[in-house]
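Residues per chain, in single letters:
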Amino acid sequence: MTKWSLSRILSSMHDDIQGSLQSARETLQHPGTKGDASEKVWIDLLKKYLPKRYKTEKAHIVDSKGDFSEQIDVVIFDRQYSPLIFKFKDELIIPAESIYAVFETRQTVNAKNMKYAQKKVASVRRLYRTSLPIPHAGGTFSKKEPARILGGILTLENGWKSDPASLIEKHMNSKNADNGALDFGCIASHGYFHYQRESEDYKFHNTDKAVAMFLFYLISRLQSKATVPMIDLQEYAKWL
């Protein structure tokens, strides 16, 4: 009879995703191709393990005023309450109201890539989001204030010469006030980090099971966000 081990199952999950990322780095030589492969590995991971209420794709984000974000490598968005998902010339375009979290994917973490990720996240957070009152059997709930969109970076390796734990804070906005400040990130070969609002600093977790532990942390953060606001479709219809 097989003796089950939860620890072994979770370790296998981590080894699988890290192996895929490593393979993409070693076998695909063209920088653009490597990037695409890395994005796909992270997207496939999140599609596989996130609850079905969340969808994950590479996309641009648009708001009802007609403003667009930069292209985002990994977008976690709502599909249950978001009827508008556009596809134009093979590019996916998602309304800002639907977004829970966005990530930049890179092969390594370093100062340049952290700055680039913050720029990408800022291009999403600056977008306008509508919200409507929510009807229910007993009446109507007041419209929901859109929650802050989560932002992060996903990488395979540490590009710094020293331990990334000592450098994360240095290359981030420690007060987390800027639109581009990252909430968290994963370095598959080293660990993961997240911003602590209570102490207003970043905590880095050194671990050889970084991907699995980060995935659990991400799900807990998404759960705390509850549901996205009800989108005002008439604001988008004005563009017709």
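Residues numbered from 1 in each chain as written. Predicted model: local features only at pLDDT ≥ 70, side-chain atom pairs only at ≥ 80, totals over all residues. Heavy atoms only, no water.

S.K.: I'd like to hear about the overall build of the protein chain, residue by residue, with values.
M.R.: Of the regular secondary structure elements, the protein chain holds five helices and 11 strands. Since a compact globule built from 240 residues should have a radius of gyration of about 18 Å, the 19 Å found for the protein chain is in line with a globular shape. Projecting the C-alpha coordinates of the protein chain onto the three principal axes gives extents of approximately 50 × 50 × 45 Å. For the protein chain, the residues scored as buried account for 47% of the 240 residues in total. The contacts of the protein chain with a sequence gap of at least 6 include a subset with a gap of at least 24, amounting to 68%. Looking at the protein chain as shown, the accessible area adds up to about 12,600 Å², and 53% of this sits on carbon and sulfur atoms. The protein chain carries 35 positive and 28 negative side-chain charges, and their two centres are separated by 1 Å. (Helix = DSSP H or I, 4+ residues; strand = E, 2+ residues; numbered from the N terminus. Rg over C-alpha atoms; globule rule 2.2 N^0.38 Å. Buried < 20%, exposed > 50% of the residue type's maximum accessible area, 1.4 Å probe, protein only. Contact = heavy atoms within 4.5 Å. Areas by Shrake-Rupley, 256 points an atom, 1.4 Å probe, with all protein chains shown as cover. Lys, Arg positive; Asp, Glu negative; His and termini not counted. Charge placed at Lys NZ, Arg CZ, Asp CG, Glu CD.)

S.K.: Would you mind going over the pattern of salt bridges in detail, with residue names and values included?
M.R.: Evaluation of the coordinates by the stated rule reveals 10 salt bridges. Among the salt bridges present, the one from Lys47 reaches Glu57, with a minimum N-O distance of 3.0 Å. With Lys47 in helix H2 (residues 31–49) and Glu57 in strand E1 (residues 54–62), the pair connects residues that are 10 residues apart, well separated along the chain. Accessibility expressed as a relative area gives 37% for Lys47, which makes it partly exposed. Ionic contacts of the salt-bridge type, sharing partners, join the residues Glu104, Arg106 and Lys120 into one network. (Salt bridge = Lys/Arg side-chain N within 4 Å of Asp/Glu carboxyl O.)

S.K.: Can you explain the sheet that holds strand E5 (residues 99–109)? Please cite residues and give values.
M.R.: One open sheet holds the nine strands; their spatial order is E3-E4-E1-E2-E5-E8-E9-E10-E11, and the pairing between them is mixed. Among the strands making up the open sheet, the edge pair consists of strand E3 (86–88) and strand E11 (201–206). In this sheet, neighbouring strand axes are inclined to one another by 35° on average, regardless of whether the strands run parallel or antiparallel. Bridge count for strand E2 (residues 72–78) against E5 is four bridges, and the pairing is antiparallel. Note that in E5 the partner of Val74 across the bridge is Phe103. With respect to the sheet, helix H3 (residues 111–125) is in contact with E1, E2, E5, strand E8 (150–158) and strand E10 (191–196), its orientation differing from that of E5 by roughly 165°. In this fold helix H4 (residues 210–224) packs onto E1, E2, E5, E8, strand E9 (184–187) and E10, with an angle of close to 165° to the strand it touches most, E9. (Pairing = 2+ DSSP bridges. Axes fitted to C-alpha atoms, helices over the stretch in contact; angles between N-to-C directions.)

S.K.: Pulling in residues and values, what's your account of the confidence of the model for the protein chain?
M.R.: Taken residue by residue, the protein chain gives an average pLDDT of 85. The fraction at 70 or more is 91%. Mean pLDDT per element in the protein chain: strand E6 (residues 134–136) is the minimum at 69, and E2 is the maximum at 96. (pLDDT = per-residue confidence, 0-100.)

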